[in-house]
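Residue strings, one per chain:
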Amino acid sequence: MSRVSYINGKYCDHVDASVHIEDRGYQFADGVYEVFGILNKKIVDYESHLNRLFVSLKQVKMQSPINKKAYLFHIKRLISINLINDGLIYLQITRGVAERDFKFPVDIKPSLVIIAKSFQKNQYEANFSKGIKIKTTKDLRWKRVDIKTINLLAPVLAKQHAFEQNFDEAWLIDDEGFVTEGSSSTAWILKKNVLYTTPLSNSILNGITRQSLINGLKKNKLKLIEKKFNIKDIKNSDEAFITSATQYVMPVIQVNNFKIGNGRKGKYAETFKKVYMEAIKLS
Ligand code: PDD
């Protein structure tokens, strides 16, 4: 059976699923999105992701095209039709289709697209065992990256810059030399058994994986400090990690040309993965 996606009230063959050329997402990146992880057919931290979607909608002054309950129905249906065991749901809402004009058009319905994608679970495990490499680069994004908008050109360029030099992810550096976050993930370092991550502000996304890991750390009485860190701190760190809805907890073994710890997955990686997996809520 072919892959099925949801688009504006209809389920259709993924290859035929398309939006109009004057969709405002296409012309202005005028939209918001969410990525939900799927583990064993269950949606990871569903409520938190949905709540963040509604916060994003409010911030950009958009209405949800469907009611809250309908999201769960469509996402579950896509997981089932596409036989997803482990993978992700990508959900995007744009302001809709209208003749190009910077001002909001009146009386148009937002466009909603939902895509389901499978992952090989053993691929995650393989990456987790190996760890990933990070390249730092300047944070060139706009000043409201706490809103999960589809305005992603700066992170696209950052990730490509990293990828072209054989790195897996980019860590973005602000004007004061501190890491804000990854191009599509939250950044963490560990020093003397204390985990550090950037405090919440308009300069980072409030990661749902970040929230769940922090809840798990608190339950397990593991020490965490929400504090900015720079290249020097990274060089002095014992371990490093990224987190996201698609990478869960992923160890970092190298940043630029220097190795983290002994250049292999550190001893806390398994602990944090376990703490996270125990902390997540599955719907
Ligand atoms: N990105 N920071 C940024 C800039 C992100 O794009 C993401 C997620 C995160 C982690 O957030 P969460 O834990 O809620 O996934 C942090 C998703 C996965 C993406 O754009 O594909």
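Since the structure is predicted, the reported quantities are computational estimates derived from the model, not experimental observations.

Reading guide: rules and limits
Residues numbered from 1 in each chain as written. Predicted model: local features only at pLDDT ≥ 70, side-chain atom pairs only at ≥ 80, totals over all residues. Heavy atoms only, no water. Domains from an automatic or database assignment. Contact = heavy atoms within 4.5 Å. Buried area = accessible area lost by both parts, 1.4 Å probe. Salt bridge = Lys/Arg side-chain N within 4 Å of Asp/Glu carboxyl O. Helix = DSSP H or I, 4+ residues; strand = E, 2+ residues; numbered from the N terminus. Patch = residues over 30% accessible without salt bridge, like charges linked within 9 Å, V, L, I, M, F, W, Y side chains within 5 Å. Areas by Shrake-Rupley, 256 points an atom, 1.4 Å probe, with all protein chains shown as cover. Buried < 20%, exposed > 50% of the residue type's maximum accessible area, 1.4 Å probe, protein only. Expected span 1.5 Å × (residues − 1). Axes fitted to C-alpha atoms, helices over the stretch in contact; angles between N-to-C directions. Parallel < 35°, antiparallel > 145°, perpendicular 65-115°, else oblique. Left-handed = near helix turned anticlockwise from the far one by under 90°. Nonpolar A, V, L, I, M, F, W, Y, C, P; charged D, E, K, R; others polar. Near = heavy atom within 4 Å. Polar contact = N/O pair within 3.5 Å; in protein donor to acceptor, adjacent residues only side chain to side chain. 1 Å grid on protein atoms, 1.4 Å probe; cavity = no way out; pocket = protein on both sides within 12 Å on 5 of 7 lines; lining within 4 Å. Points joined across faces, edges and corners; volume = space filled by probe spheres on them. Phe/Tyr/Trp six-rings, centres within 6.5 Å; stacked < 30°, edge-to-face > 60°. Lys NZ or Arg CZ within 6 Å of the ring centre and 35° of its normal.

Colleague: So, the domain arrangement of the protein: which residues are in play, and what are the values?
Modeller: The domains assigned to the protein are domain 1 (4-119) and domain 2 (124-279). Each partner contributes to the interface: domain 1 provides 25 residues, whereas domain 2 provides 18 residues. Among the residues domain 1 hides against domain 2, the three largest losses belong to Tyr33, Asp45 and Arg52. Together they make up 35% of the total. The interface formed by domain 1 and domain 2 contains zero salt bridges. For the side of domain 1 that touches domain 2, the secondary structure elements donating two or more residues are strand 3 (31-39), helix 2 (46-59) and strand 5 (87-94). Per-element tally for the side of domain 1 that touches domain 2: the top contributor is strand 3, with eight residues.

Colleague: Describe a nonpolar patch on the surface, and please don't skip the residues or the numbers.
Modeller: There is a patch of nonpolar side chains on the surface, built from Leu152, Leu153, Val156 and Leu157 and spanning about 370 Å² of accessible area. When its relative accessible area of 54% is taken as the criterion, Leu157 is described as exposed.

Colleague: Residues and numbers for helix 3 (residues 68-81), please.
Modeller: Along an α-helix, residues three or four positions apart point the same way, because every turn accommodates 3.6 residues. An ideal rise of 1.5 Å per residue puts 20 Å on 14 residues; helix 3 measures up with 21 Å between its terminal C-alpha atoms. Restricting attention to buried positions, one finds in helix 3 the residues Ala70, Tyr71, His74, Ile75, Leu78 and Ile79.

Colleague: So what's going on with the packing of helix 2 against helix 3? Which residues, and what values?
Modeller: Helix 3 packs onto helix 2 with a crossing angle of 125° between their chain directions and a minimal axis gap of 11 Å. On the basis of the axis angle, helix 2 is oblique to helix 3. The interaxial crossing formed by helix 2 with helix 3 has right-handed handedness. Note on element contacts: helix 3 touches helix 2 through Lys68, Tyr71, Leu72 and Ile75, opposite Tyr46, Leu50, Asn51, Leu53 and Phe54. For the contact of helix 2 with helix 3, the class distribution of residues is seven nonpolar, one polar and one charged.

Colleague: Explain the site of the ligand to me, using residue names and the numbers behind them.
Modeller: As a structural note, the neighbourhood of the ligand is formed by 20 residues, with Tyr33, Glu181, Ile208, Thr209 and Ala245 the closest of them. Lys148 is positioned such that a nitrogen or oxygen atom in its side chain is 3.4 Å from a nitrogen atom of the ligand. At a separation of 2.6 Å, a nitrogen atom of the ligand approaches a polar side-chain atom of Glu181. For the ligand, whose unbound accessible area comes to 470 Å², protein coverage reaches 89%. Residue assignment for the shell around the ligand shows that the elements contributing at least two residues are strand 3, helix 2, strand 9 (179-182), helix 6 (208-219) and strand 13 (239-244). Tallied by class, the residues present in the shell around the ligand amount to five nonpolar, 11 polar and four charged. Looking at which domains feed residues into the shell around the ligand, each of domain 1 (4-119) and domain 2 (124-279) gives three or more.

Colleague: Residues and numbers for empty space enclosed by the protein, please.
Modeller: Under the criterion given, the structure shown has one cavity of 30 Å³ or more. In this structure, the largest cavity spans a volume of roughly 30 Å³. Looking at the largest cavity, the residues that line it are Gly37, Val44, Asp45, His49, Ile208, Thr209, Ala245 and Tyr276. Taken together, the residues that form the lining of the largest cavity break down as four nonpolar, three polar and one charged. In terms of domain composition, the lining of the largest cavity takes at least three residues from each of domain 1 (4-119) and domain 2 (124-279).

Colleague: Break down the layout of surface pockets for me, with residues and values.
Modeller: There is about 920 Å³ of room inside the largest pocket. Lining of the largest pocket is provided by 44 residues; of these, Tyr33, Lys148, Ser183, Ser184 and Ser185 occupy positions nearest its centre. A domain split of the lining of the largest pocket shows at least three residues from each of domain 1 (4-119) and domain 2 (124-279). When its volume is computed, the second largest pocket comes out at roughly 350 Å³.

Colleague: I'd like a rundown of the packing of aromatic side chains, residues and numbers included.
Modeller: The tally for this structure, following the rule as stated, stands at 11 aromatic pairs. Ring centres 5.7 Å apart and planes at 20° place the aromatic pair Phe36 and Tyr46 in the stacked group. Taken together, the residues span a long stretch of sequence, with Phe36 in strand 3 and Tyr46 in helix 2 at a distance of 10 residues. The pair Phe36 / Tyr46 is uniform in exposure class, with both members buried. When the ring centre of Phe54 is taken as origin, the NZ or CZ atom of Lys68, which lies over that ring, is 4.8 Å away.

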